[in-house]
Amino acid sequence: MANRTAVNQCPPPFLQDVLFDLGGFVEGRLCRQLPNGITCCLPCPMTDWAYPDSFQTIGTAAQWVSVVGVIACVALLVSWAVLPVEKTFRHYLSICLTTAVLFMSLGFVIPLAAQPEECYDAITPHAMQTSSVCAASGTFLILGGWAGVMWVFLRALSLHLQICWQVVVGRNFMWFSQATGWGIPILGVVFAIVFSGFSFRFGSTCHINHKNSLADLWIPLLVFAGLTIIIQFATFGYCIKVYLASLADNSSSTEGSGLPSYTNSIRTMTPKQAYRRVRRVIELQWRGIAIVLIIITDVIFFSIVFVFQDNTVEAVKRDSSIASEWITCLFFNGGKKDLCLDKASPLVVNMPTVGAVLFLLAMNGIWLALLLGRWSMVTGWRDMLMGPLSDKNKKEFVSVDARLEDFKKDTRSYEMLSRDDSGKPMDEAVTPSVVTPVSPTAKLPLRSPSSLRDSGRDSANQDGRRTPDYFGHTARYHAPVRSFSSPRPPQTVTWDARETYARPGQNQQDEYVNPLGLNRI
């Protein structure tokens, strides 16, 4: 902390380094040695002097967007865990990618909730050893970034294998994905903590320090990001090739079928068949393709911006003459930063770019909810939460005063008691009416002898007010005599009049049958 026995010999707003101990992230100080041997340092945090006051507002707004992203990710994960698969269409690639984005978003939400002090003292930022919030936010940010890159890489690889190589990814690919999708990010976080560390260097979220950061984070991360882009564009190139080949295919044998002709293997597909197959896969996977492009673009954008900012700050530390105009301006204006912001602009990334990076990273959870979420999830939650209430309010088949509105809501109801607009009973409007005493003009339908024998049992339905119970009796199933489902020896076919509605006791070969009288009963 501050050494109160010494006197600051540096011009305002700068502070002399000997006034403070070696706690915090000492390498994060921005200091310059004067000709008289005194070392003066810029007060912490540096962003307060290089950016206008609105910079803090942009950072806070991006953190609140991250809160929305966290809520969206949690909603997706809970839906995938609770709702049935036919409602969510969950997949381990989507679940793991959402978890990775959740971790990355927590790296911005934790500082918003904790509101930590960014500085250990007046010139030194906090490090992960002196701030638990810094350690937590930095760990979640690096872990989420690494895992997000790995899972979009695996998703792009899975799509490439399915489209370009007709490989059906199965359980082996799943275990390979779990091992690499979480193993490599965990190793990356361990290497970043051991060889670099975290500190407050760019807003209220801790980022990796400059030492060894290229070797243990940025280069490996960008390598996998580059591989993802190469695989994705190779897949796009194959799709374009298949599409162009289908345009040149004049074969008529592929017009009527969307399936390949498996004479030898799937390689025998014609161009149009291959195009239809690729189109079906893309129609099913376009959400995943969009997620891959969005997240990989965000990560690459953030990496380039942060590495540029980090290298610029390190260049100023090595050669303070780069920032001499800005330092001189602060010295002559008594620390009024607003008068010197134009001199600081070449030393930092401009504020619109920084705001774009922060908001793009914060919106990843929202993009996941929009692209991986489905309306069936909403209906699934509605059915789950309203299920007990709807069971209590369900009407039983006991009413004789059913309303027309109830019938319109449930057309599958067997209780059709109201009347339609024409004045007919609803039974006659939907179900053919039967002969009743109140409908003498109704035509007699064609009925089997068994139904004629059972007509006495339907006397309760003869008032035309209730639909007959068509489901009360189960007809006996008679296995067909001549079945060709399996090989059988030749059989002698006989005809029994009792099995049909023909009148028995007649010789079909001797008696003349009038064709015009066949429709008589």
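Just so we're clear, the structure is a prediction, and the values are computed from it rather than from any experiment.

Quick rundown of the nonpolar core? Include the residues and the values.
Core analysis: the biggest nonpolar cluster contains 69 residues, and Y51, L97, W151, F198, W218 and L368 have the highest contact counts within it. With 14 residues, the single largest contributor to this core is helix α5 (residues 132-164). Ranked by size, the runner-up nonpolar core spans 16 residues in total, among them C10, W49, I327 and C340.

Can you tell me about the packing of helix α4 (residues 92-114) against α5, naming the residues and giving the values?
α5 packs onto α4 with a crossing angle of 160° between their chain directions and a minimal axis gap of 8 Å. Comparing the axis directions of α4 and α5 gives the class roughly antiparallel. α4 and α5 meet at a crossing whose hand is left-handed. Split into classes, the residues belonging to the contact of α4 with α5 amount to 21 nonpolar, 7 polar and 1 charged.

How would you summarise the state of the cysteines if you had to cite specific residues and measurements?
Overall, the coordinates contain 5 disulfides when judged by the stated rule. The partner cysteine of C329 in its disulfide is C340, sulfur to sulfur 2.1 Å. The disulfide joining C329 to C340 has a torsion of about -85° about its S-S bond and is therefore left-handed. Taken together, the residues span a long stretch of sequence, with C329 in helix α9 (residues 324-332) and C340 in the loop between α9 and α10 (341-344) at a distance of 11 residues. The pair formed by C329 and C340 is uniform in burial state, with each residue classed as buried. Numbered by order of appearance in the sequence, the disulfide-linked cysteines of the protein pair as 1-3, 2-4, 5-6, 7-8, 9-10.

Mind laying out a nonpolar patch on the surface, listing which residues take part and the relevant values?
Judged by side-chain polarity, I186, L187, V190, F191, I193, V194 and F195 come together as a nonpolar surface patch covering roughly 620 Å² of accessible area. Relative to the assigned elements, F191 resides in helix α6 (residues 171-195).

Can you explain the confidence of the model for the protein? Please cite residues and give values.
Scored by pLDDT, the protein has a mean of 78; 69% of the residues are at 70 or more. Counted against residues more than four places away or in other chains, residues 253-266, with its pLDDT under 50, gives 20 contacts. Counting contacts from residues 395-475, a segment whose pLDDT is below 50, to residues more than four positions away or on other chains yields 68 contacts.

Explain the sheet that holds strand β2 (residues 31-33) to me, and be specific about the residues and the numbers.
The strands that make up a sheet pair up through hydrogen bonds in the backbone, lying either parallel or antiparallel. With respect to topology, 3 strands assemble into an open sheet ordered β1-β3-β2, the strand pairing being antiparallel. One side of each edge strand has no neighbouring strand; the edge strands of this open sheet are β1 (15-16) and β2. The pairing of β1 with strand β3 (residues 39-41) spans 2 bridges and is classified as antiparallel. Looking across to β3, one finds that Q16 is bridged to C40.

Could you give an account of the environment of G148, naming the residues involved and the relevant values?
Note on placement: G148 falls in helix α5. The exposure class assigned to G148 is buried, which follows from its relative accessible area of 3%. Along the backbone, G148 and M104 are 44 residues apart, and their C-alpha atoms lie at a distance of 8.2 Å. Beyond its immediate sequence surroundings of up to four residues, G148 is in contact with L97, A100 and I295.

So what's going on with unusual backbone geometry? Which residues, and what values?
That bond from P12 to P13 is cis: its omega, 10°, falls within 30 degrees of zero. With respect to the element layout, P13 can be found in the segment before β1. Following C44, the chain continues to P45 via a peptide bond in cis, the omega torsion being -5°. Looking at the secondary structure, you find P45 in the loop between β3 and α1 (47-50). A positive phi is found at Q166, a non-glycine position, where the angle reads about 50°. Here Q166 lies in the loop between α5 and α6. A relative accessible area of 15% places Q166 in the buried class. The residue N212 is not glycine, and still its phi comes out positive at about 60°.

Explain the pattern of salt bridges to me, using residue names and the numbers behind them.
Two side chains with opposite charge may pair up if their charged atoms get near one another. Per the stated rule, a full pass over the model turns up 7 salt bridges. In this structure, K337 engages D53 in a salt bridge whose closest nitrogen and oxygen atoms are separated by 2.7 Å. Of this pair, K337 sits in the loop between α9 and α10 while D53 sits in the loop between α1 and α2 (54-82), and the two are 284 residues apart along the sequence. Judged by its relative accessible area of 14%, K337 is buried. A residue is classified by how much of its surface remains accessible, and D53, at 56% relative accessible area, is exposed. Between E314 and K317 there is a salt bridge; the shortest N-O distance is 3.6 Å. Of this pair, E314 and K317 are both found in helix α8 (residues 271-318), 3 residues apart, which corresponds to roughly one turn of the helix.

Hey, could you go over the UniProt feature "transmembrane region" (unreviewed entry) in the protein for me, with residue numbers and the actual values?
Residues annotated by UniProt as "transmembrane region" (unreviewed entry) correspond here to residues 61-83, 95-115, 135-154, 175-198, 218-240, 286-308 and 353-372. Structurally, residues 286-308 comprises 100% helix and 0% strand, and the distance from its first C-alpha atom to its last is 33 Å. In residues 353-372, helix accounts for 95% and strand for 0%; the two terminal C-alpha atoms are 28 Å from one another.

Quick one: what's the story with the side chain of Q232, residue by residue and with numbers?
With respect to the helices, strands and loops of the structure, Q232 is situated in helix α7 (residues 213-248). With residues near it in sequence (within four places) discarded, Q232 still touches A156, L159, I289, V292 and L293.

Thresholds, definitions, all that
- Residues numbered from 1 in each chain as written.
- Predicted model: local features only at pLDDT ≥ 70, side-chain atom pairs only at ≥ 80, totals over all residues.
- Heavy atoms only, no water.
- Core = buried A, V, L, I, M, F, W, Y, C linked by side-chain atoms within 4.5 Å.
- Buried < 20%, exposed > 50% of the residue type's maximum accessible area, 1.4 Å probe, protein only.
- Helix = DSSP H or I, 4+ residues; strand = E, 2+ residues; numbered from the N terminus.
- Axes fitted to C-alpha atoms, helices over the stretch in contact; angles between N-to-C directions.
- Parallel < 35°, antiparallel > 145°, perpendicular 65-115°, else oblique.
- Left-handed = near helix turned anticlockwise from the far one by under 90°.
- Nonpolar A, V, L, I, M, F, W, Y, C, P; charged D, E, K, R; others polar.
- Disulfide = S-S within 2.5 Å.
- Patch = residues over 30% accessible without salt bridge, like charges linked within 9 Å, V, L, I, M, F, W, Y side chains within 5 Å.
- Areas by Shrake-Rupley, 256 points an atom, 1.4 Å probe, with all protein chains shown as cover.
- Salt bridge = Lys/Arg side-chain N within 4 Å of Asp/Glu carboxyl O.
- pLDDT = per-residue confidence, 0-100.
- Contact = heavy atoms within 4.5 Å.
- Pairing = 2+ DSSP bridges.
- UniProt positions renumbered as here; feature names shortened; annotations may be inferred.

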